[in-house]
Amino acid sequence: MSQAVRQTRSYLMNLFAKHGFNPRHDLGQNFLIDLNIIELIVSSAELCRNDVVLEIGAGTGGMSTFMATQAAEVISVELDSNMFQLASETTSHFGNITLLHQDALRNKNNIASNILDLLQEKLAVSPSRRLKLVSNLPYNVATPIISNLIGGALPFSRMVVTIQLELGLKMKAKPGDGTYGSLSVFLQSLANVKVLRKLPPSVFWPRPKVNSAVVQLIPNPLKRKQLLSIPFFNDFVRRLFHQRRKFMRSLLVGMYRKDVDKSKIDEVLDLLKIAPDARAEQLRPAQLLAVSNAIYQLIEYGELSVLPEVFDDQTSSEDDDDESMTTDLEDDDIILDHDDQGA
């Protein structure tokens, strides 16, 4: 079996110098140089020989090779031509890595269709195969990548990604938090979200200007079944939090004035025991999901064929009560090769 490549900072600097490349800040190219963090990401993904892994942002291919030693297939996507060249060289001895030179997004609301088709093809090889996203995500595409994959049709079983810490905290935020918003509600209504580790800039080369985090999302099929329409719910929460300080009744009346009578809005809020002067930022994801389902029924069927119900969402953010799992990584914890110690 081919060996994974240990891409330390000195290795990367020499590699870039050899090819005459520089990392592109506009594409969010910051490479993990802490081998412990790479191992944490891959171990948290719980890879096995039945897994099909999607990696967005192959970079130089280091983590791709690490995952290929454990997974059945790795589909790695890289937009930048220079990085695609380096990743192609790094992964050339691995028969189970497929590199795609393209944008992972067709547009901000859709993953490129050929990527989805390829993943489906790899999954179809065996009914025991599982699909996972494992990536050091480029910061500028993290939100649309995660949102589109979580809300899409492919059966992802686990996602472990490195993203900006601010975005990770937003994903797991609760009502009353300043970062609680449409992304928090949407993701927590479809998955269990957990921040595994906070990362300082020093574990990357070049160093980003912000802190990062390793975040785990485990899609929850039971939660997904509760949603009558994922596209409607996504639009619903986006519009709600666009005017997050507005009272729910007036906001809903304004949003759906052409489709739903005011009296029906009042009926929905009354059934769900939500005060007319409540604000979206005060309501739990399960409450907003229930309102969305009710409004959707009224628009599609003209009546509440199924009475709205507030489901339990206490496990939407698994690490709320387990701070021991969310630990800071100090510079003294970073594991580098001896030739990297001086940076």
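This text follows the structure it describes.
Residues numbered from 1 in each chain as written. Predicted model: local features only at pLDDT ≥ 70, side-chain atom pairs only at ≥ 80, totals over all residues. Heavy atoms only, no water.

Visitor: Kindly report on the pairing of strand S4 (residues 97-101), identifying the contributing residues and their values.
Guide: Pairing analysis gives five bridges linking strand S3 (residues 73-78) to S4, with the strands arranged parallel. Bridge pairing links Ser76 to Leu99 in S4. (Pairing = 2+ DSSP bridges. Helix = DSSP H or I, 4+ residues; strand = E, 2+ residues; numbered from the N terminus.)

Visitor: Account for the packing of helix H11 (residues 248-255) against helix H12 (residues 262-271), naming residues and giving values.
Guide: Running from N to C, H11 and H12 point in directions that differ by 135°, and their axes come no closer than 10 Å. Judged by the angle between their axes, H11 and H12 are oblique. Judged by the sense of rotation from one axis to the other, the crossing of H11 with H12 is right-handed. Seen from H11, the contacting residues are Arg249, Leu252 and Val253; seen from H12, they are Lys262, Ile265, Asp266 and Leu269. (Axes fitted to C-alpha atoms, helices over the stretch in contact; angles between N-to-C directions. Parallel < 35°, antiparallel > 145°, perpendicular 65-115°, else oblique. Left-handed = near helix turned anticlockwise from the far one by under 90°. Contact = heavy atoms within 4.5 Å.)

Visitor: Pulling in residues and values, what's your account of the packing of aromatic side chains?
Guide: Two numbers describe a pair of aromatic rings. These are the distance of the centres and the angle of the planes. Overall, the coordinates contain eight aromatic pairs when judged by the stated rule. Centre to centre, the rings of Phe232 and Phe236 are 6.4 Å apart; their planes meet at 15°, and the pair counts as stacked. Here Phe232 and its partner Phe236 are both found in helix H10 (residues 230-242), four residues apart, which amounts to about one turn of the helix. With respect to class, Phe232 is no different from Phe236; both count as buried. Both rings, one in Phe232 and one in Tyr256, keep their centres 6.0 Å apart while their planes meet at 25°; by these two values the pair is stacked. (Phe/Tyr/Trp six-rings, centres within 6.5 Å; stacked < 30°, edge-to-face > 60°. Buried < 20%, exposed > 50% of the residue type's maximum accessible area, 1.4 Å probe, protein only.)

Visitor: Could you give an account of the pairing of strand S8 (residues 156-164), with specific residues and numbers?
Guide: The buried fraction of S8 is high, at seven of nine residues. Pairing between strand S7 (residues 130-136) and S8: six bridges, direction parallel. Note that in S8 the partner of Ser135 across the bridge is Val161. The parallel pair S7 and S8 is bridged by helix H6 (residues 142-151), and the resulting crossover is right-handed. Of the pairings in the sheet, the one linking S8 to strand S11 (residues 212-219) comprises six bridges and is antiparallel in character. If you follow Gln164 over to S11, its bridge partner there is Ser212. (Right-handed = clockwise from strand over helix to strand, strands pointing away.)

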